[in-house]
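Structural overview for review
Below, each chain spelled out in residue letters.
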Amino acid sequence: MKTIDEAIRLRPDGFTDRSIYTDPAILEQEIEKIFKKTWVLIGHETEIPEPGDYVRKTIAGQPLIQVRGNDGKVRVVYNTCRHRASLVAIEEEGNCAKTNFKCPYHGFEYDADADLVKVPKEEAYGEWFQKEEFGLVELAKVDTYNGMIFGSFNPDAPTLKEHLGPAMELFPYVTYGDGEALEMVDTYKYDIAGNWKLMIDNTMDGYHVPYVHGGMFEQFGISADDGLSGVARTLGHHGSIDWEEGRPLADRTTNRYMAIFPNITVHYNASGDMFAIRQIEPIDVDNMQLTMWLLAPKSTNNREMNERRAAAFTMTWGPGGLFGADDARQLEWVQQGLKADCGAPVLAARGLDEGDVAEWESEQSMRGFRLGWEHYMDQD
Ligand code: FES
Ligand SMILES: [Fe+2]
(Lines give C-alpha, C1' and ligand atoms only; values in the text may rest on other atoms or scores of the structure.)
(Ligands and ions follow the chains in the order given, each with its own letter.)
Protein backbone atom coordinates (compact mmCIF):
# COMPACT_ATOMS: atom_id res chain seq x y z
CA MET A 1 0.00 0.00 0.00
CA LYS A 2 1.36 3.42 -0.94
CA THR A 3 1.67 6.16 1.65
CA ILE A 4 -0.33 9.33 0.97
CA ASP A 5 2.93 11.07 0.20
CA GLU A 6 3.77 8.53 -2.48
CA ALA A 7 0.23 8.42 -3.82
CA ILE A 8 -0.07 12.13 -4.56
CA ARG A 9 2.91 12.22 -6.91
CA LEU A 10 2.18 12.73 -10.57
CA ARG A 11 4.88 10.55 -11.97
CA PRO A 12 6.93 12.10 -14.78
CA ASP A 13 5.41 9.53 -17.12
CA GLY A 14 1.91 10.86 -16.45
CA PHE A 15 0.68 8.11 -14.13
CA THR A 16 -1.11 8.83 -10.84
CA ASP A 17 -2.26 6.55 -8.09
CA ARG A 18 -6.00 5.91 -8.19
CA SER A 19 -6.30 6.55 -4.44
CA ILE A 20 -6.18 10.31 -5.05
CA TYR A 21 -9.83 9.90 -6.15
CA THR A 22 -10.92 7.39 -3.52
CA ASP A 23 -9.07 7.88 -0.23
CA PRO A 24 -11.02 9.92 2.38
CA ALA A 25 -7.70 10.85 4.06
CA ILE A 26 -6.60 12.54 0.83
CA LEU A 27 -9.85 14.53 0.71
CA GLU A 28 -9.21 15.70 4.29
CA GLN A 29 -5.78 16.92 3.22
CA GLU A 30 -7.25 18.62 0.15
CA ILE A 31 -9.66 20.57 2.37
CA GLU A 32 -6.89 21.72 4.70
CA LYS A 33 -4.06 22.21 2.22
CA ILE A 34 -5.90 23.40 -0.88
CA PHE A 35 -9.40 24.70 -0.16
CA LYS A 36 -8.34 26.47 3.05
CA LYS A 37 -5.03 27.77 1.68
CA THR A 38 -5.66 29.13 -1.79
CA TRP A 39 -8.45 31.28 -3.26
CA VAL A 40 -11.82 29.64 -3.79
CA LEU A 41 -14.90 30.84 -5.57
CA ILE A 42 -17.63 31.81 -3.13
CA GLY A 43 -20.31 33.00 -5.55
CA HIS A 44 -21.22 35.67 -8.04
CA GLU A 45 -22.10 39.32 -7.52
CA THR A 46 -25.29 38.89 -9.52
CA GLU A 47 -26.64 36.71 -6.68
CA ILE A 48 -26.69 39.74 -4.36
CA PRO A 49 -27.45 42.88 -6.41
CA GLU A 50 -29.13 44.95 -3.65
CA PRO A 51 -27.90 46.09 -0.22
CA GLY A 52 -28.87 43.42 2.31
CA ASP A 53 -29.10 40.60 -0.26
CA TYR A 54 -27.47 37.45 1.02
CA VAL A 55 -26.93 33.80 0.09
CA ARG A 56 -25.76 31.02 2.38
CA LYS A 57 -22.75 29.06 1.15
CA THR A 58 -20.88 26.00 2.32
CA ILE A 59 -17.29 26.07 1.11
CA ALA A 60 -14.73 23.53 2.33
CA GLY A 61 -17.36 22.43 4.86
CA GLN A 62 -17.49 25.94 6.36
CA PRO A 63 -20.88 27.62 6.93
CA LEU A 64 -20.66 31.04 5.26
CA ILE A 65 -22.87 33.93 4.21
CA GLN A 66 -22.17 36.04 1.14
CA VAL A 67 -23.86 39.40 1.76
CA ARG A 68 -24.00 42.85 0.20
CA GLY A 69 -23.73 45.37 3.01
CA ASN A 70 -25.84 48.47 3.52
CA ASP A 71 -22.63 50.21 2.42
CA GLY A 72 -22.77 48.30 -0.91
CA LYS A 73 -19.67 46.26 -0.11
CA VAL A 74 -19.58 42.51 -0.73
CA ARG A 75 -18.65 40.57 2.41
CA VAL A 76 -18.22 36.92 3.18
CA VAL A 77 -18.78 36.06 6.85
CA TYR A 78 -18.96 32.87 8.85
CA ASN A 79 -22.54 31.90 9.54
CA THR A 80 -22.14 31.52 13.29
CA CYS A 81 -23.35 33.62 16.19
CA ARG A 82 -20.81 35.29 18.49
CA HIS A 83 -22.91 34.21 21.50
CA ARG A 84 -23.14 30.42 21.48
CA ALA A 85 -22.41 29.63 17.85
CA SER A 86 -25.83 28.99 16.30
CA LEU A 87 -26.30 29.65 12.61
CA VAL A 88 -27.63 33.20 12.28
CA ALA A 89 -28.91 32.91 8.70
CA ILE A 90 -31.33 30.02 8.46
CA GLU A 91 -32.97 30.70 5.10
CA GLU A 92 -30.85 29.80 2.07
CA GLU A 93 -31.11 33.35 0.73
CA GLY A 94 -32.96 36.57 1.36
CA ASN A 95 -32.54 40.23 2.20
CA CYS A 96 -31.53 41.35 5.68
CA ALA A 97 -31.45 45.13 5.14
CA LYS A 98 -34.54 45.65 7.30
CA THR A 99 -34.69 42.42 9.29
CA ASN A 100 -30.98 41.98 10.16
CA PHE A 101 -29.61 38.50 10.74
CA LYS A 102 -31.48 37.56 13.89
CA CYS A 103 -30.01 34.62 15.73
CA PRO A 104 -32.86 32.18 16.41
CA TYR A 105 -31.37 31.02 19.74
CA HIS A 106 -31.33 34.15 21.96
CA GLY A 107 -32.01 36.98 19.53
CA PHE A 108 -28.58 38.60 18.91
CA GLU A 109 -28.97 40.74 15.77
CA TYR A 110 -26.33 41.49 13.14
CA ASP A 111 -26.85 43.97 10.33
CA ALA A 112 -25.89 43.57 6.67
CA ASP A 113 -22.44 45.07 7.40
CA ALA A 114 -21.85 42.16 9.82
CA ASP A 115 -22.02 44.40 12.93
CA LEU A 116 -23.71 43.22 16.10
CA VAL A 117 -26.46 45.78 16.58
CA LYS A 118 -28.74 44.29 19.22
CA VAL A 119 -28.29 42.07 22.26
CA PRO A 120 -31.43 41.30 24.27
CA LYS A 121 -31.01 42.37 27.93
CA GLU A 122 -27.46 43.41 27.24
CA GLU A 123 -26.86 44.80 30.78
CA ALA A 124 -26.28 41.32 32.22
CA TYR A 125 -22.94 41.12 30.41
CA GLY A 126 -21.44 43.95 32.41
CA GLU A 127 -19.47 46.91 31.22
CA TRP A 128 -16.62 45.06 29.55
CA PHE A 129 -18.95 43.86 26.79
CA GLN A 130 -18.68 46.04 23.69
CA LYS A 131 -20.99 45.15 20.82
CA GLU A 132 -18.48 46.56 18.29
CA GLU A 133 -16.12 43.72 19.14
CA PHE A 134 -18.66 41.00 18.45
CA GLY A 135 -19.56 41.36 14.80
CA LEU A 136 -19.84 38.33 12.55
CA VAL A 137 -16.35 37.08 11.71
CA GLU A 138 -15.29 37.92 8.16
CA LEU A 139 -13.33 35.59 5.92
CA ALA A 140 -9.58 36.35 5.93
CA LYS A 141 -9.61 37.64 2.32
CA VAL A 142 -12.32 38.54 -0.17
CA ASP A 143 -11.87 39.96 -3.67
CA THR A 144 -13.86 40.02 -6.89
CA TYR A 145 -12.95 39.52 -10.53
CA ASN A 146 -15.27 39.67 -13.52
CA GLY A 147 -18.25 39.51 -11.09
CA MET A 148 -16.93 36.38 -9.40
CA ILE A 149 -16.59 36.61 -5.64
CA PHE A 150 -13.49 34.85 -4.41
CA GLY A 151 -12.41 34.28 -0.84
CA SER A 152 -9.51 32.80 1.02
CA PHE A 153 -9.46 31.31 4.51
CA ASN A 154 -5.74 32.02 4.56
CA PRO A 155 -4.61 35.49 5.69
CA ASP A 156 -1.21 34.85 4.09
CA ALA A 157 -2.58 33.91 0.66
CA PRO A 158 -1.10 35.90 -2.25
CA THR A 159 -3.39 38.42 -3.94
CA LEU A 160 -6.21 37.10 -6.11
CA LYS A 161 -4.46 38.47 -9.20
CA GLU A 162 -1.29 36.62 -8.28
CA HIS A 163 -3.30 33.46 -7.78
CA LEU A 164 -5.05 33.76 -11.15
CA GLY A 165 -1.68 34.50 -12.78
CA PRO A 166 -1.51 33.47 -16.45
CA ALA A 167 -5.22 32.61 -16.43
CA MET A 168 -5.89 36.36 -16.28
CA GLU A 169 -4.44 36.85 -19.76
CA LEU A 170 -6.81 34.40 -21.33
CA PHE A 171 -9.79 35.32 -19.24
CA PRO A 172 -11.20 38.15 -21.33
CA TYR A 173 -10.96 35.90 -24.34
CA VAL A 174 -12.81 33.01 -22.69
CA THR A 175 -15.45 35.26 -21.19
CA TYR A 176 -16.86 38.64 -22.02
CA GLY A 177 -13.91 40.30 -20.34
CA ASP A 178 -13.45 42.17 -17.11
CA GLY A 179 -15.50 45.24 -16.46
CA GLU A 180 -18.45 43.99 -18.50
CA ALA A 181 -21.42 43.95 -16.11
CA LEU A 182 -23.09 40.57 -16.14
CA GLU A 183 -26.43 39.34 -14.97
CA MET A 184 -27.58 35.89 -14.03
CA VAL A 185 -29.90 34.25 -16.52
CA ASP A 186 -30.21 30.76 -15.06
CA THR A 187 -28.63 28.51 -12.46
CA TYR A 188 -28.37 24.81 -11.57
CA LYS A 189 -27.22 22.91 -8.53
CA TYR A 190 -26.82 19.14 -8.62
CA ASP A 191 -24.69 16.26 -7.35
CA ILE A 192 -22.62 13.67 -9.17
CA ALA A 193 -21.43 10.49 -7.44
CA GLY A 194 -17.78 11.05 -8.28
CA ASN A 195 -14.65 12.66 -6.84
CA TRP A 196 -14.56 16.44 -7.44
CA LYS A 197 -11.33 16.27 -9.47
CA LEU A 198 -12.99 14.06 -12.08
CA MET A 199 -15.08 17.00 -13.25
CA ILE A 200 -11.99 19.19 -13.72
CA ASP A 201 -10.29 16.36 -15.63
CA ASN A 202 -13.38 15.92 -17.78
CA THR A 203 -13.80 19.59 -18.64
CA MET A 204 -10.16 19.85 -19.70
CA ASP A 205 -10.36 16.66 -21.77
CA GLY A 206 -11.09 16.82 -25.48
CA TYR A 207 -10.25 13.17 -26.03
CA HIS A 208 -13.56 11.88 -24.62
CA VAL A 209 -15.84 14.06 -26.72
CA PRO A 210 -16.42 11.81 -29.77
CA TYR A 211 -17.04 8.81 -27.49
CA VAL A 212 -19.07 10.13 -24.55
CA HIS A 213 -21.00 12.65 -26.65
CA GLY A 214 -21.10 10.61 -29.88
CA GLY A 215 -24.86 10.01 -29.56
CA MET A 216 -25.48 13.72 -29.35
CA PHE A 217 -23.43 14.43 -32.48
CA GLU A 218 -25.33 11.66 -34.30
CA GLN A 219 -28.66 13.25 -33.40
CA PHE A 220 -27.57 16.35 -35.21
CA GLY A 221 -26.21 14.38 -38.15
CA ILE A 222 -22.58 15.41 -37.65
CA SER A 223 -19.56 13.26 -37.23
CA ALA A 224 -17.88 14.12 -33.94
CA ASP A 225 -14.45 13.39 -35.35
CA ASP A 226 -14.82 15.85 -38.20
CA GLY A 227 -14.23 19.47 -37.57
CA LEU A 228 -12.90 19.22 -34.01
CA SER A 229 -9.63 21.05 -33.69
CA GLY A 230 -7.89 23.32 -31.25
CA VAL A 231 -5.43 23.23 -28.39
CA ALA A 232 -5.13 22.28 -24.74
CA ARG A 233 -2.70 24.27 -22.61
CA THR A 234 -1.44 24.62 -19.08
CA LEU A 235 -1.65 28.11 -17.60
CA GLY A 236 0.37 27.72 -14.42
CA HIS A 237 -1.91 25.73 -12.14
CA HIS A 238 -4.85 26.47 -14.38
CA GLY A 239 -5.67 25.12 -17.81
CA SER A 240 -7.65 25.78 -20.95
CA ILE A 241 -9.01 24.02 -23.94
CA ASP A 242 -9.89 25.96 -27.04
CA TRP A 243 -11.63 24.07 -29.78
CA GLU A 244 -11.04 26.51 -32.59
CA GLU A 245 -7.82 28.30 -31.83
CA GLY A 246 -6.61 30.17 -34.85
CA ARG A 247 -10.06 30.77 -36.28
CA PRO A 248 -11.28 34.40 -36.11
CA LEU A 249 -13.59 34.97 -33.16
CA ALA A 250 -16.54 35.89 -35.35
CA ASP A 251 -16.34 32.56 -37.23
CA ARG A 252 -16.32 30.40 -34.19
CA THR A 253 -19.16 28.04 -33.49
CA THR A 254 -17.95 25.86 -30.67
CA ASN A 255 -16.58 26.07 -27.18
CA ARG A 256 -13.65 27.29 -25.16
CA TYR A 257 -13.21 26.29 -21.55
CA MET A 258 -10.91 27.21 -18.69
CA ALA A 259 -10.22 25.48 -15.40
CA ILE A 260 -9.26 27.84 -12.60
CA PHE A 261 -7.45 26.10 -9.81
CA PRO A 262 -8.74 24.56 -7.64
CA ASN A 263 -12.41 24.07 -8.44
CA ILE A 264 -13.90 26.33 -11.10
CA THR A 265 -14.50 25.81 -14.77
CA VAL A 266 -15.45 28.67 -17.07
CA HIS A 267 -17.29 27.89 -20.30
CA TYR A 268 -18.05 29.87 -23.39
CA ASN A 269 -20.13 28.51 -26.24
CA ALA A 270 -19.94 30.73 -29.29
CA SER A 271 -22.94 29.43 -31.22
CA GLY A 272 -25.33 29.84 -28.26
CA ASP A 273 -23.49 32.95 -26.99
CA MET A 274 -23.50 31.24 -23.61
CA PHE A 275 -21.12 32.06 -20.81
CA ALA A 276 -21.24 29.84 -17.74
CA ILE A 277 -19.26 29.34 -14.56
CA ARG A 278 -19.25 26.01 -12.78
CA GLN A 279 -18.21 25.61 -9.16
CA ILE A 280 -17.23 22.11 -8.10
CA GLU A 281 -17.38 21.34 -4.38
CA PRO A 282 -16.36 18.06 -2.78
CA ILE A 283 -19.08 16.65 -0.53
CA ASP A 284 -17.38 13.33 0.07
CA VAL A 285 -14.45 11.60 -1.55
CA ASP A 286 -16.88 10.04 -4.04
CA ASN A 287 -19.48 12.77 -4.29
CA MET A 288 -19.40 16.33 -5.63
CA GLN A 289 -21.84 19.19 -5.83
CA LEU A 290 -21.95 21.37 -8.93
CA THR A 291 -23.33 24.87 -9.08
CA MET A 292 -23.56 26.30 -12.56
CA TRP A 293 -24.44 29.88 -13.45
CA LEU A 294 -25.44 31.06 -16.89
CA LEU A 295 -24.52 34.73 -17.20
CA ALA A 296 -25.10 37.33 -19.87
CA PRO A 297 -23.71 40.83 -20.37
CA LYS A 298 -26.22 43.44 -19.22
CA SER A 299 -25.43 45.67 -22.17
CA THR A 300 -26.44 43.21 -24.91
CA ASN A 301 -29.08 41.62 -22.90
CA ASN A 302 -32.72 41.24 -23.77
CA ARG A 303 -35.40 38.87 -22.63
CA GLU A 304 -35.87 37.02 -25.88
CA MET A 305 -32.17 36.45 -26.29
CA ASN A 306 -31.87 35.25 -22.70
CA GLU A 307 -34.74 32.82 -23.11
CA ARG A 308 -32.88 31.37 -26.09
CA ARG A 309 -29.66 31.22 -24.07
CA ALA A 310 -31.42 29.55 -21.13
CA ALA A 311 -33.01 26.93 -23.40
CA ALA A 312 -29.64 26.17 -25.02
CA PHE A 313 -28.00 26.04 -21.58
CA THR A 314 -30.57 23.50 -20.35
CA MET A 315 -30.20 21.43 -23.52
CA THR A 316 -26.41 21.30 -23.36
CA TRP A 317 -24.75 21.87 -19.98
CA GLY A 318 -27.78 21.41 -17.67
CA PRO A 319 -27.98 18.30 -15.44
CA GLY A 320 -30.23 16.60 -18.02
CA GLY A 321 -28.57 18.32 -20.98
CA LEU A 322 -26.82 16.62 -23.86
CA PHE A 323 -23.30 17.25 -22.54
CA GLY A 324 -24.15 17.47 -18.82
CA ALA A 325 -25.96 14.15 -18.48
CA ASP A 326 -23.47 12.23 -20.66
CA ASP A 327 -20.55 13.49 -18.60
CA ALA A 328 -22.25 12.90 -15.22
CA ARG A 329 -23.03 9.30 -16.11
CA GLN A 330 -19.49 8.75 -17.38
CA LEU A 331 -17.89 10.21 -14.25
CA GLU A 332 -20.00 7.92 -12.06
CA TRP A 333 -18.71 4.98 -14.09
CA VAL A 334 -15.14 6.22 -13.56
CA GLN A 335 -15.69 6.48 -9.80
CA GLN A 336 -17.08 2.94 -9.72
CA GLY A 337 -14.13 1.70 -11.76
CA LEU A 338 -11.69 3.45 -9.45
CA LYS A 339 -12.90 1.28 -6.56
CA ALA A 340 -11.12 -1.69 -8.14
CA ASP A 341 -8.20 -2.53 -5.89
CA CYS A 342 -6.12 -3.72 -8.80
CA GLY A 343 -3.04 -1.59 -8.24
CA ALA A 344 -3.09 -0.15 -11.78
CA PRO A 345 -2.39 3.60 -11.90
CA VAL A 346 -4.42 6.17 -13.85
CA LEU A 347 -2.77 7.35 -17.03
CA ALA A 348 -2.83 10.98 -18.18
CA ALA A 349 0.13 11.08 -20.55
CA ARG A 350 -1.21 12.28 -23.89
CA GLY A 351 1.06 14.94 -25.36
CA LEU A 352 3.56 14.50 -22.52
CA ASP A 353 6.53 15.52 -24.66
CA GLU A 354 4.96 18.61 -26.13
CA GLY A 355 5.41 21.22 -23.41
CA ASP A 356 2.62 23.50 -22.22
CA VAL A 357 0.58 23.62 -25.43
CA ALA A 358 -0.58 20.68 -27.54
CA GLU A 359 -3.45 19.56 -29.73
CA TRP A 360 -6.96 19.41 -28.26
CA GLU A 361 -6.94 15.68 -27.45
CA SER A 362 -3.86 16.05 -25.23
CA GLU A 363 -3.88 16.02 -21.44
CA GLN A 364 -1.80 19.18 -20.95
CA SER A 365 -4.34 21.19 -18.99
CA MET A 366 -5.22 18.21 -16.82
CA ARG A 367 -1.57 17.74 -15.89
CA GLY A 368 -1.12 21.49 -15.22
CA PHE A 369 -3.96 21.32 -12.73
CA ARG A 370 -2.49 18.19 -11.19
CA LEU A 371 0.89 19.88 -10.70
CA GLY A 372 -0.89 22.74 -8.91
CA TRP A 373 -2.67 20.18 -6.78
CA GLU A 374 0.60 18.48 -5.94
CA HIS A 375 2.26 21.82 -5.13
CA TYR A 376 -0.36 22.57 -2.48
CA MET A 377 -0.52 19.01 -1.17
CA ASP A 378 3.25 19.18 -0.59
CA GLN A 379 2.93 22.14 1.81
CA ASP A 380 2.84 21.54 5.57
S1 FES B 1 -26.46 31.59 20.09
FE2 FES B 1 -27.00 33.35 19.02
S3 FES B 1 -28.01 34.56 20.47
FE4 FES B 1 -27.40 32.84 21.56
FE1 LIG C 1 -17.95 16.03 -21.93
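First things first, this report covers the structure right here in the doc. (Residues numbered from 1 in each chain as written. Chains lettered and ligands numbered in written order. Predicted model: local features only at pLDDT ≥ 70, side-chain atom pairs only at ≥ 80, totals over all residues.)

1. What to know about the overall build of the protein chain
Per the secondary structure count, the protein chain includes 10 helices and 20 strands. Buried positions account for 40% of the 380 residues belonging to the protein chain. (Helix = DSSP H or I, 4+ residues; strand = E, 2+ residues; numbered from the N terminus. Buried ≥ 20, exposed ≤ 12 C-beta atoms within 10 Å, placed from the backbone.)

2. What about the sheet that holds strand 3 (residues 53-59)?
Spatially, the four strands line up as an open sheet ordered 5-4-3-6, and their pairing is antiparallel. Lying at the two open borders of the sheet, with one neighbouring strand each, are strand 5 (74-78) and strand 6 (93-95). Within the sheet, the average angular offset between the axes of one strand and its neighbour, ignoring direction, is 25°. Both strand 3 and strand 6 contribute to a ladder of three bridges, which runs antiparallel. (Pairing = 2+ DSSP bridges. Axes fitted to C-alpha atoms, helices over the stretch in contact; angles between N-to-C directions.)

3. Some remarks on the nonpolar core
The nonpolar side chains of a soluble globular protein tend to be buried with one another. If you look at the biggest cluster of nonpolar residues, it comprises 78 residues, and the most contacted ones within it are Ile42, Met199, Ile260, Ala276 and Leu295. In terms of residue count, the dominant contributor to this core is strand 18 (residues 287-297) (seven residues). The residue makeup of this core includes at least three contributed by each of domain 1 (4-37 + 168-377) and domain 2 (41-145). Among all residues touching methionine 199, those that are not within four sequence positions of it are Ile192, Ile280, Met288, Leu290 and Leu331. (Core = buried A, V, L, I, M, F, W, Y, C linked by C-beta atoms within 7 Å. Domains from an automatic or database assignment. Contact = placed C-beta atoms within 7 Å.)

4. A short note on the sheet that holds strand 9 (residues 116-118)
By way of backbone hydrogen bonds, the strands of a sheet pair with one another, either parallel or antiparallel. Overall, antiparallel pairing links the three strands, which are arranged 7-8-9 in an open sheet. This sheet does not close on itself; its edge strands, each paired only once, are strand 7 (101-102) and strand 9.

5. Remarks on the pairing of strand 13 (residues 231-235)
The side chains of a regular strand alternate, residue by residue, between the two faces of the sheet. The element strand 13 is largely enclosed, with a buried count of five among its five residues. Covered by surrounding structure in strand 13 are Val231, Arg233 and Leu235 together with Ala232 and Thr234, the residues of both alternating faces. Linkage of strand 13 to strand 14 (residues 238-242), two consecutive antiparallel strands, is achieved through a turn of two residues, within which glycine 236 is found at a positive phi near 65°. Both strand 13 and strand 20 (residues 357-359) contribute to a ladder of three bridges, which runs antiparallel.

6. Observations concerning the packing of helix 2 (residues 24-35) against helix 10 (residues 364-377)
For the pair helix 2 and helix 10, interaxial distance at closest approach is 9 Å and the crossing angle is 90°. Compared by their axis directions, helix 2 and helix 10 come out roughly perpendicular. Residues Gln29, Lys33 and Ile34 of helix 2 form the contact with helix 10, whose participating residues are Trp373, Tyr376 and Met377. Residue classes in the contact of helix 2 with helix 10 are distributed as four nonpolar, one polar and one charged. (Parallel < 35°, antiparallel > 145°, perpendicular 65-115°, else oblique. Nonpolar A, V, L, I, M, F, W, Y, C, P; charged D, E, K, R; others polar.)

7. Description of unusual backbone geometry
With an omega dihedral of 0°, the bond running from phenylalanine 261 to proline 262 counts as a cis peptide bond. Relative to the elements of secondary structure, proline 262 occurs in the loop between strand 15 (255-260) and strand 16 (264-269). Its identity as a non-glycine residue notwithstanding, alanine 60 has a phi of 50°, on the positive side. Looking at the secondary structure, you find alanine 60 in the loop between strand 3 and strand 4 (62-68). In this structure alanine 60 comes out as partly exposed when scored by C-beta crowding, with 17 C-beta atoms within 10 Å.

8. Focus on the pairing of strand 14
Counting buried residues in strand 14 gives five out of five residues, a clear majority hidden from the surface. Burial of the side chains of strand 14 extends over both faces: His238, Ser240 and Asp242 are buried on one face and Gly239 and Ile241 on the other. Pairing geometry for strand 13 and strand 14, over five bridges, is antiparallel. In the strand pairing of strand 14, valine 231 is matched with aspartate 242. Bridging between strand 14 and strand 15 involves four bridges; their strand directions are antiparallel. Across the sheet, the residue bridging to serine 240 is methionine 258, located in strand 15.

9. Some remarks on the environment of proline 319
Looking at the element boundaries, proline 319 is found in the loop between helix 8 (303-316) and helix 9 (322-338). Other than its neighbours up to four places away in sequence, proline 319 contacts Tyr188, Tyr190, Gly324, Ala325 and Ala328.

10. Quick look at helix 5 (residues 196-203)
Most of helix 5 sits inside the fold, with eight of its eight residues counted as buried. For helix 5, the complete set of buried residues consists of Trp196, Lys197, Leu198, Met199, Ile200, Asp201, Asn202 and Thr203.

11. Some words on the packing of helix 5 against helix 9
As a packed pair, helix 5 and helix 9 sit with axes 10 Å apart at the nearest point and diverge in direction by 125°. As the angle between them shows, helix 5 and helix 9 are arranged oblique. For the crossing formed where helix 5 meets helix 9, the hand is right-handed. Residue-level inspection shows Leu198, Met199 and Asn202 of helix 5 in contact with helix 9, the latter providing Asp327, Leu331, Val334 and Gln335. (Left-handed = near helix turned anticlockwise from the far one by under 90°.)

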